[in-house]
Amino acid sequence: MRVTLPPTRSTGDPSAGLSALPRPVAVVVGAGGVLGAAHVGVGYALEQRGFVPDMIIGTSVGALNGAIAAAHPDRAAPWLDHVWTQLRRREVYPLGYLSSRASVFTDRGLRRLIARSGLPSRIEQLAVPFTAVAMDLDTGAPALLDHGDLESALLASAAIPGMLPPVEREGRTLVDGGVVAYVPVLAAQQAGAASVVVVATGPESSPLRPVDPRRRASAIAARAGLLLLRHQIERDLHEVSRHIPTVVLPTGIDAWPAPWDFGHSQRLISTAALAAGRFLDGLRIGGPGLYRVDGASATSAGPGRASAASFWEDAL
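Calculation rules
- Residues numbered from 1 in each chain as written.
- Predicted model: local features only at pLDDT ≥ 70, side-chain atom pairs only at ≥ 80, totals over all residues.
- Heavy atoms only, no water.
- Helix = DSSP H or I, 4+ residues; strand = E, 2+ residues; numbered from the N terminus.
- Buried < 20%, exposed > 50% of the residue type's maximum accessible area, 1.4 Å probe, protein only.
- Contact = heavy atoms within 4.5 Å.
- Areas by Shrake-Rupley, 256 points an atom, 1.4 Å probe, with all protein chains shown as cover.
- Salt bridge = Lys/Arg side-chain N within 4 Å of Asp/Glu carboxyl O.
- Pairing = 2+ DSSP bridges.
- Right-handed = clockwise from strand over helix to strand, strands pointing away.

## So, the overall build of the protein
Stage number 1. Along the protein, the regular secondary structure elements total 10 helices and nine strands.
Stage number 2. Considering the protein as a whole, with its 316 residues, one finds that 53% of them fall into the buried category.
Stage number 3. The contacts in the protein between residues at least 6 apart in sequence include a share of 77% that link residues at least 24 apart.
Stage number 4. Here the protein displays about 13,900 Å² of accessible surface, and carbon together with sulfur accounts for 56% of that area.

In structure tokens form, the structure reads like this:
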């Protein structure tokens, strides 16, 4: 289902919008699993405004979405829309025979999805320079995969430790880049970006709620995981924004589905497309800094939806 957005507003202000960002501009696409559907909505807003980045850096599901955007920089959103609204858990995380003791699920679902994505075999063949971020399981260092075989780079970037098998690539054992770079803005700065547009999703970017000290063990672990990711993201965003303009596009989503529930993709896409579009139409750039919406409120959970806290409880 193609998302229809309201018309963009024209302005004569030279500081207005994406055109005011210094080049080269990197689009950074964060991790988030099923929440990656919101990336598609943000992509609609960017494509409608004729924006084509100079490079794309992606982690985990953001690497897959980012690679497709790098292959088709002006028409990826409608294709991704169709994929995400048809996708189901068993296609990505197939249960059944385990290929090894290294993971709960096999990666055959992801391999099929990549094969259907119309991607070239090598990273260098993408229309827009692209980097997939993984983590070296031996050293814990980020692995920036910007050349060579594309399929193995995407599988490595999305290899959730324990859930999907690690990938052996160029003598290294690689797993999901979200462990060390959930929103890989530092990789974009390292690649030479003069400004960054961040496409991030998930409850880890939502305002924190007060904590009830009398919580279940799973809720305590969920809160700790949420704080860990939030600290990593905020640290990296503030570090990069000290040097270059760093634009974080909002999704407008305050109620997230459960981690394995692909049934809410259309809602995530539509909501993110409108929120990102409104933000972009009001964007003004005035040099290095962090440009984002702050203070968004979160709603309580409803049928088929989850608050930030319950998302992480369900994940554990």
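Following the structure, the description resumes.
## Re the side chain of T59
Stage number 1. Structurally, T59 is set in strand β2 (residues 55-59).
Stage number 2. When neighbours within four sequence positions are excluded, T59 is seen to be in contact with V29, G30, A31, V133, S157, D176, G177, G178, A181, Y182 and P184.

## Topic: the pattern of salt bridges
Stage number 1. Scanning the entire structure with this criterion turns up eight salt bridges.
Stage number 2. Residues E124 and R122 are paired through a salt bridge, measuring 3.2 Å at the closest nitrogen-oxygen approach.
Stage number 3. For R122, a relative accessible area of 39% corresponds to the partly exposed category.
Stage number 4. One salt bridge in this structure joins E239 and R242, with 3.1 Å as the shortest N-O distance.
Stage number 5. Within this structure, D107, R111 and E151 form a network of salt bridges that share partners.

## Digging into the pairing of strand β1 (residues 25-29)
As a general feature of sheets, a regular strand has side chains that alternate between the two faces.
Stage number 1. Extensive coverage of β1 is indicated by the burial of five of its five residues.
Stage number 2. Residues V25, V27 and V29 line one face of β1 and the alternating positions A26 and V28 line the opposite face, and both faces are buried.
Stage number 3. Looking at chain direction, β1 and strand β7 (residues 195-199) are connected through five bridges and run parallel. When the bridges of β7 are listed, V29 appears paired with V199.
Stage number 4. As defined by bridge partners, β1 adjoins β2 across four bridges and the pair is classed as parallel. Opposite V29, over in β2, you have G58 as the bridge partner.
Stage number 5. Crossover β1 to β2 through helix α1 (residues 37-48) is right-handed.

## A look at the environment of P22
Stage number 1. Relative to the helices and strands, P22 is located in the segment before β1.
Stage number 2. With 174 residues separating them in the primary sequence, P22 and V196 have C-alpha atoms 9.2 Å apart.
Stage number 3. Not counting chain neighbours up to four residues away, the residues in contact with P22 comprise A194, S195 and P245.

## Regarding the pairing of strand β6 (residues 172-176)
Stage number 1. The element β6 is extensively covered by neighbouring structure, given that four of its five residues are classed as buried.
Stage number 2. Here three bridges tie strand β3 (residues 130-136) to β6, and the two strands are oriented antiparallel to one another. Directly across from A134, in β6, lies its bridge partner D176.
Stage number 3. Two elements, strand β5 (residues 167-169) and β6, share three bridges in a ladder whose sense is antiparallel. By the bridge assignment, R169 is partnered in β6 with R172.
Stage number 4. Between β5 and β6, which follow one another and run antiparallel, lie two residues, and E170 among them has a positive phi close to 50°.

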